[in-house]
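# Per-entry structural report
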Amino acid sequence: MDNYQIRKELYDAASLYAGFDPADESSYGRCYDARVYADFIASGKRSRDLAVTLPRTLHDHSISDALYRFLGSYDPFQIVGVMGGHAMKRSDASYRNVALICKKLTEQGKLMVSGGGPGAMEATHFGAWMAGRSDAELDVALDMLRAADTFRDSGWLSTAFRVMERFPQTIFKSLGIPTWLYGHEPSTPFATQIAKYYDNSIREDTILTIAVGGIIFTPGSAGTIQEIFQEAAQDHYKTCDVSSPMAFLGRDYFTREIPVYPFLEDMLARGKYHDLLLSISDDPADVIREILSFNRDNAICTH
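The structure contained in this document is the topic of the report that follows. Just so you know, these numbers come straight off a predicted model, no measurement behind them.

## Comments concerning the packing of helix H8 (residues 200-210) against helix H9 (residues 222-237)
What describes two packed helices is the angle between their axes and the distance between those same axes. The N-to-C vectors of H8 and H9 enclose an angle of 50°; their axes lie 10 Å apart at closest approach. Here H8 lies oblique to H9, going by the angle between them. Where H8 crosses over H9, the handedness of that crossing is right-handed. Together, Glu204, Asp205, Leu208 and Thr209 of H8 and Gln226, Glu227, Gln230, Glu231 and Gln234 of H9 make up the contact between the two elements. Along the lines of polarity and charge, the residues of the contact of H8 with H9 split into one nonpolar, four polar and four charged.

## Observations regarding the nonpolar core
With 85 residues, the main nonpolar core has Phe126, Leu175, Ile216, Phe248 and Leu264 as its most contacted residues. Among all residues touching leucine 264, those that are not within four sequence positions of it are Ile228, Phe229, Ala232, Met246, Phe248, Tyr273, Leu276 and Leu278. Judged by nonpolar contacts, the second largest core, of five residues, contains Phe77, Val242, Phe294 and Ala299.

## A short note on the packing of aromatic side chains
Going through the model one piece at a time under the given rule, you end up with 18 aromatic pairs. Look at tryptophan 180 and tyrosine 198: their rings are 5.0 Å apart centre to centre, the planes differ by 35°, and that puts the pair in the tilted class. Of this pair, tryptophan 180 sits in the loop between strand S3 (174-176) and strand S4 (193-194) while tyrosine 198 is found in the loop between S4 and H8, placing the two residues 18 residues apart along the sequence. The same class applies to tryptophan 180 as to tyrosine 198, namely buried.

## So, the environment of glycine 85
With respect to the element layout, glycine 85 can be found in the loop between strand S1 (79-83) and helix H4 (93-107). For the pair formed by glycine 85 and methionine 121, sequence separation is 36 residues and the distance between their alpha carbons is 7.4 Å. Non-local contacts of glycine 85, meaning those with residues more than four positions away in its chain, are made with Pro118, Gly119, Ala120, Thr218, Pro219, Gly220 and Thr224.

## Overview of the sheet that holds strand S2 (residues 111-114)
If you walk across this open sheet you meet the seven strands as S4-S3-S2-S1-S5-S7-S8, and the pairing is parallel. Where the open sheet ends on each side, the last strands, each with one partner, are S4 and strand S8 (277-281). Seen against the sheet, helix H11 (residues 260-269) touches strand S7 (245-249) and S8 and runs at an angle of roughly 150° to S8.

## A word on helix H12 (residues 284-292)
Those residues of H12 lying buried are Pro284, Val287, Ile288 and Ile291. The arc that holds every buried residue of H12, seen down its axis, measures 100°, which confines them to one face. Tucked inside the fold, the buried residues of H12 contact S1, H4, strand S5 (215-217) and S7. One side-chain oxygen at the N-terminal end of H12 lies 2.9 Å from the backbone nitrogen of alanine 285; it belongs to aspartate 283.

## Observations regarding a nonpolar patch on the surface
Together, Ile6, Leu50, Leu54 and Leu58 make up a nonpolar patch on the protein surface, roughly 390 Å² of accessible area in all. For leucine 54, the position within the fold is in helix H3 (residues 50-71). Residue class for leucine 54 comes out partly exposed when judged on its relative accessible area of 43%.

Thresholds applied
- Residues numbered from 1 in each chain as written.
- Predicted model: local features only at pLDDT ≥ 70, side-chain atom pairs only at ≥ 80, totals over all residues.
- Heavy atoms only, no water.
- Axes fitted to C-alpha atoms, helices over the stretch in contact; angles between N-to-C directions.
- Helix = DSSP H or I, 4+ residues; strand = E, 2+ residues; numbered from the N terminus.
- Parallel < 35°, antiparallel > 145°, perpendicular 65-115°, else oblique.
- Left-handed = near helix turned anticlockwise from the far one by under 90°.
- Contact = heavy atoms within 4.5 Å.
- Nonpolar A, V, L, I, M, F, W, Y, C, P; charged D, E, K, R; others polar.
- Core = buried A, V, L, I, M, F, W, Y, C linked by side-chain atoms within 4.5 Å.
- Buried < 20%, exposed > 50% of the residue type's maximum accessible area, 1.4 Å probe, protein only.
- Phe/Tyr/Trp six-rings, centres within 6.5 Å; stacked < 30°, edge-to-face > 60°.
- Pairing = 2+ DSSP bridges.
- Arc of directions from axis to C-beta.
- Polar contact = N/O pair within 3.5 Å; in protein donor to acceptor, adjacent residues only side chain to side chain.
- Patch = residues over 30% accessible without salt bridge, like charges linked within 9 Å, V, L, I, M, F, W, Y side chains within 5 Å.
- Areas by Shrake-Rupley, 256 points an atom, 1.4 Å probe, with all protein chains shown as cover.
- Salt bridge = Lys/Arg side-chain N within 4 Å of Asp/Glu carboxyl O.

Now the structure itself:
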């Protein structure tokens, strides 16, 4: 099947959703992305058949090759990641906050990266897509999106394409890195470059590794918590030769509901972690300021 092709370039909305008609939501089942996912399930997520696993590996290798060629034109300090849950609703205040942060950072030259799915991930790329426009225009587009609040609602994908049609974007870029392992969660078309993998572990590590300019953590569940500690370990050991900012958006969530932030502070104070650059706030302006203040001159690097 053509889903095992060796790709020379990353996906985009047009190639990933080839065959999808925004006027007919049911057409999603016939588009390229849906056909690949159907074959992925039919062949087995954890197949041991070499005839299945080898082509998948070659596909993912070609995606990584295309990804790093694309990133070759970016200073690593300009690449910023956003981690957060797929369950964040378009109507949530936190969705607009994430979108606003990513809009402003994109306008300042940052390349925003996420797992490329719905929720906080979609907010990342929606914000980047609206870069260069007014906050009022962002709110108009957000009102359009709220017609389908979550990816489980009919019209979720169609409304995104309608926003893209009304507010076309040709200047600013963002990078989504989704996976067919979670193929039931559609990838956001707002990402202008899409590196979609079969192997989720490659995808997760790649996001944390390339985002030298910092990671913004927004409320999420088990996956987000895992990524927090993955990033903390990378920064502690300076796996990427630098400790990057870990900026948390949601004080109550990360100190009370999921009290990971005070744990990291305690571990840092007791010397169990070294060189973590931690910050936490409910104010998007604080997160933007934290990310923009980090650069080569004040980075904690290996020597």
